[in-house]
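# Breakdown of the fold
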Amino acid sequence: HAWRRMRTRCRCGGECHLHSKMAARVMLSLATGARRATARVRSEHCALSLDAGITTLTMTRALSATSFNNREDSWFKSLFVRKVDPRKDAHSNLLAKKETSSLYKIQFHSVKPESLEAYNKLCIDILPQIHKDENYPCELVGTWNTWYGEQDQAVHLWKYSGGYPTLTEVMNKLRQNKEFMEFRKERGKMLLSRKNQLLLEFSFWNEPLPRSGPNIYELRSYQLRPGTMIEWGNNWARAIRFRQENNEAVGGFFSQIGELYTVHHLWAYKDLQSRDETRNSAWQKPGWDECVYYTVPLIQRMDSRIMIPLKISPLQ
């Protein structure tokens, strides 16, 4: 259009070539501007496409990595957590001793520090009376103070040979015993807190029989993941044989009422050095490491108490 306008307006002879040059320069400028504009648009389009491609690639890689990590994590966990087969019976029927219907009660009493001596004296006076009285069909298995672990705590373990009916009978009779009710009232003034659990004993563990001392006792308590009690029992049924040489195994129990999926293992040692040597020797026996490998993933929480028996305790 610029060239056409130049040719129309030009009516001179000799100067026409000047107008032609001017028109050519205009056309060249317009063409150069158009090419630059086109190149700029294409460049921006390529940059956007490249950014989009990089973003898409990054997201794809992130999703792929996440998926891979999830699969890897799931596979890794499967190495440590074994599946428990579905059962058609309560684990109490599968794991407890069939030849007896014994029920155990464990008591944890947190005592005011300044009252621990008076508390022990009160227990020494009253608990043996209940243990020896034939009207109360129960046995005091052991009574301790904690040495290491939760301080100023008393632990009592009772056995009811007839199961739940015997427990109910004993409780009803004790409520009619004025001396015992006075003992409970006096004891309550010395306590900060108390809790108990009803337990069954594992069929493959030792019977907690009286023993002479002096010994220290370790109560190792495990809070298991729900649904893993059978697997725990299957592994410990094999593992307990590795812990019999020094007569350290006293009893093994699992909870029925109270804090559920709790396991208690009770051990006896001459002293802390003996405990250390006995536990280390287990690692030298083929198979013990496998027990630890398979049972550790089943545990949510664990606790250890080193306890000293009172002089009235059948477990000395």
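Residues numbered from 1 in each chain as written. Predicted model: local features only at pLDDT ≥ 70, side-chain atom pairs only at ≥ 80, totals over all residues. Heavy atoms only, no water.

### Examining the nonpolar core
The following threshold applies: What we call a nonpolar core is a set of buried Ala, Val, Leu, Ile, Met, Phe, Trp, Tyr and Cys residues that are connected through their side-chain atoms within 4.5 Å. Think of it in three bands: residues with accessible area under 20% of the maximum for their type are buried, residues over 50% are exposed, and the middle band is partly exposed, with areas taken using a 1.4 Å probe on protein chains only. Helix numbering and strand numbering both begin at the N terminus, where a helix is a DSSP run of H or I of at least 4 residues and a strand a DSSP run of E of at least 2.
Grouped together as the largest cluster of nonpolar side chains are 50 residues, with contacts concentrated most on Ile130, Phe202, Trp205, Trp232, Trp236, Phe254 and Val263. For this core, the element with the highest residue contribution is helix 4 (residues 116–132), accounting for 7 residues.

### Observations concerning the confidence of the model for the chain
Here is the rule: Within a predicted model, pLDDT stands for the predictor's per-residue confidence, ranging from 0 to 100. Contacts are assigned to residue pairs with any non-hydrogen atoms lying within 4.5 Å of each other.
For the chain, the mean per-residue pLDDT works out to 81, and 69% of the residues sit at or above 70. Here residues 1–23 scores under 50 on pLDDT; set against residues more than four positions off or in separate chains, the count is 9 contacts. Low pLDDT (under 50) marks residues 44–84, which in the prediction has 12 contacts with non-local residues, meaning those over four places away or in another chain.

### Comments concerning the pairing of strand 3 (residues 153–160)
Put simply, side chains in a regular strand alternate between the two faces of the sheet. Our working rule: By definition, two strands form a pair when at least two bridges between them are found by DSSP.
With respect to burial, strand 3 is a largely interior element, 8 of its 8 residues being buried. Taking every second residue as pointing to the same face, both faces of strand 3 are buried, with Gln153, Val155, Leu157 and Lys159 on one and Ala154, His156, Trp158 and Tyr160 on the other. With 8 bridges connecting them, strand 1 (residues 103–111) and strand 3 associate as antiparallel partners. Each residue of the ladder has a partner; that of Gln107, found in strand 3, is His156. With 6 bridges connecting them, strand 2 (residues 139–148) and strand 3 associate as antiparallel partners. Along strand 3, the bridge assignment pairs Glu139 with Lys159.

### Observations regarding helix 8 (residues 272–282)
Filter applied, for reference: The directions from the helix axis to the C-beta atoms form the arc being described. Identification of polar contacts relies on pairs of N or O atoms within 3.5 Å, with a donor-acceptor requirement for protein atoms, meaning one able to donate a hydrogen and the other able to accept it, and with residues adjacent in sequence counted only if both atoms are side-chain atoms.
Along helix 8, the residues classified as buried are Ser274, Arg275, Thr278 and Ala282. End-on, the buried residues of helix 8 take up no more than an arc of 100 degrees, which puts them together on one face. Of the surrounding elements, those touching the buried residues of helix 8 are strand 5 (216–224), strand 7 (262–269), helix 9 (288–295) and strand 8 (299–309). Put simply, Asp271 is the residue that caps the front of helix 8, since its side-chain oxygen is 3.2 Å from the backbone nitrogen of Gln273.

### Some details on empty space enclosed by the protein
To find the voids left in a structure, one rolls a probe of water-molecule size over its atoms. Here is the rule we go by: A cavity here means a set of 1 Å grid points, computed over protein atoms only, where a 1.4 Å probe fits but cannot escape. A pocket is an open set with protein on both sides within 12 Å along at least 5 of 7 lines, and lining residues have an atom within 4 Å of a point. Grid points are joined across faces, edges and corners, and a volume is the space filled by probe spheres set on the points. When residues are grouped by polarity, Ala, Val, Leu, Ile, Met, Phe, Trp, Tyr, Cys and Pro land in nonpolar, Asp, Glu, Lys and Arg in charged, and all others, Gly among them, in polar.
Within the structure shown, the criterion is met by 1 cavity of 30 Å³ or more. Counted as a void, the largest cavity has a volume near 40 Å³. Around the largest cavity sit Ile106, Trp144, Val155, Leu157, Leu219, Phe253, His264, Leu266 and Met307, which together line it. Secondary-structure elements contributing two or more residues to the lining of the largest cavity are strand 3 and strand 7. The residue makeup of the lining of the largest cavity, split by class, is 8 nonpolar, 1 polar and no charged.

### Some points on the side chain of Gln223
Topologically, Gln223 is positioned in strand 5. A polar atom in the side chain of Gln223 sits 2.8 Å from the side chain of Thr262. Leaving out residues up to four positions away in the same chain, Gln223 has contacts with Glu259, Leu260, Tyr261, Thr262, Leu298, Ile299, Gln300 and Arg301.

### Considerations on the layout of surface pockets
Each pocket or cavity is described by its volume, and for the largest pocket that value is around 420 Å³. Among the elements of the structure, strand 1, helix 4, strand 3, helix 5 (164–175), helix 6 (178–188) and strand 4 (191–201) are those that each provide at least two residues to the lining of the largest pocket. Split into classes, the residues belonging to the lining of the largest pocket amount to 11 nonpolar, 4 polar and 6 charged. Of the volumes computed, that of the second largest pocket is approximately 250 Å³. Residue lining of the second largest pocket: 15 residues in total, with Arg220, Tyr222, Arg279, Trp288 and Val292 positioned closest to the centre. Of all the secondary structure elements, the ones that give two or more residues to the lining of the second largest pocket are strand 5, helix 7 (229–239), helix 8, helix 9 and strand 8. The greatest single-element share of the lining of the second largest pocket, amounting to 3 residues, is contributed by helix 9. Here the lining of the second largest pocket is composed, by residue class, of 11 nonpolar, 1 polar and 3 charged.

### Here's the deal with helix 5
In plain terms, the rule: How far a helix is expected to stretch is found by multiplying one less than its residue total by 1.5 Å.
Under the 1.5 Å per step criterion, the end-to-end length of helix 5 is 17 Å for 12 residues, consistent within 8% with the ideal 16 Å. Those residues of helix 5 not exposed but buried are Thr166, Leu167, Val170 and Leu174. Down the axis of helix 5, the sector holding all buried residues measures 100 degrees, keeping them to one side. Opposite its buried face, helix 5 presents the exposed residues Pro165 and Arg175, each directed more than 90 degrees away.

### A word on the packing of helix 4 against helix 6
Axes are the key here: two packed helices are described by the angle between their axes and the distance separating the axes. Defined as follows: Under this scheme, a helix contributes an axis fitted over its contacting stretch, all axes are lines through C-alpha atoms, and angles between N-to-C directions fall in the 0 to 180 degree range. Should an angle lie under 35 degrees it is considered roughly parallel, over 145 roughly antiparallel, and from 65 to 115 roughly perpendicular; all remaining angles are considered oblique. Whether a crossing is left-handed or right-handed is set by the direction in which the near helix is turned from the far one by less than a right angle, anticlockwise for left-handed and clockwise for right-handed.
Contact geometry for helix 4 and helix 6: axes closest at 11 Å, N-to-C directions at 155 degrees. Taken together, the axes of helix 4 and helix 6 lie roughly antiparallel to each other. Of the two possible hands of crossing, helix 4 and helix 6 adopt the one that is left-handed. Only Glu179, Phe180, Phe183, Glu186 and Arg187 of helix 6 make contact with helix 4, whose side of the interface consists of Tyr119, Leu122, Cys123, Ile126, Leu127, Gln129 and Ile130. Along the lines of polarity and charge, the residues of the contact of helix 4 with helix 6 split into 8 nonpolar, 1 polar and 3 charged.

### Details of the pattern of salt bridges
Threshold: Salt bridges are counted wherever a side-chain nitrogen of Lys or Arg sits within 4 Å of a carboxyl oxygen of Asp or Glu.
In the structure shown here, the tally under the stated rule is 11 salt bridges. Between Lys285 and Glu245 there is a salt bridge, with its nearest N and O atoms 3.6 Å apart. Note that Lys285 is positioned in the loop between helix 8 and helix 9 and Glu245 in the loop between helix 7 and strand 6 (249–257), a separation of 40 residues in sequence. The exposure class assigned to Lys285 is buried, which follows from its relative accessible area of 16%.

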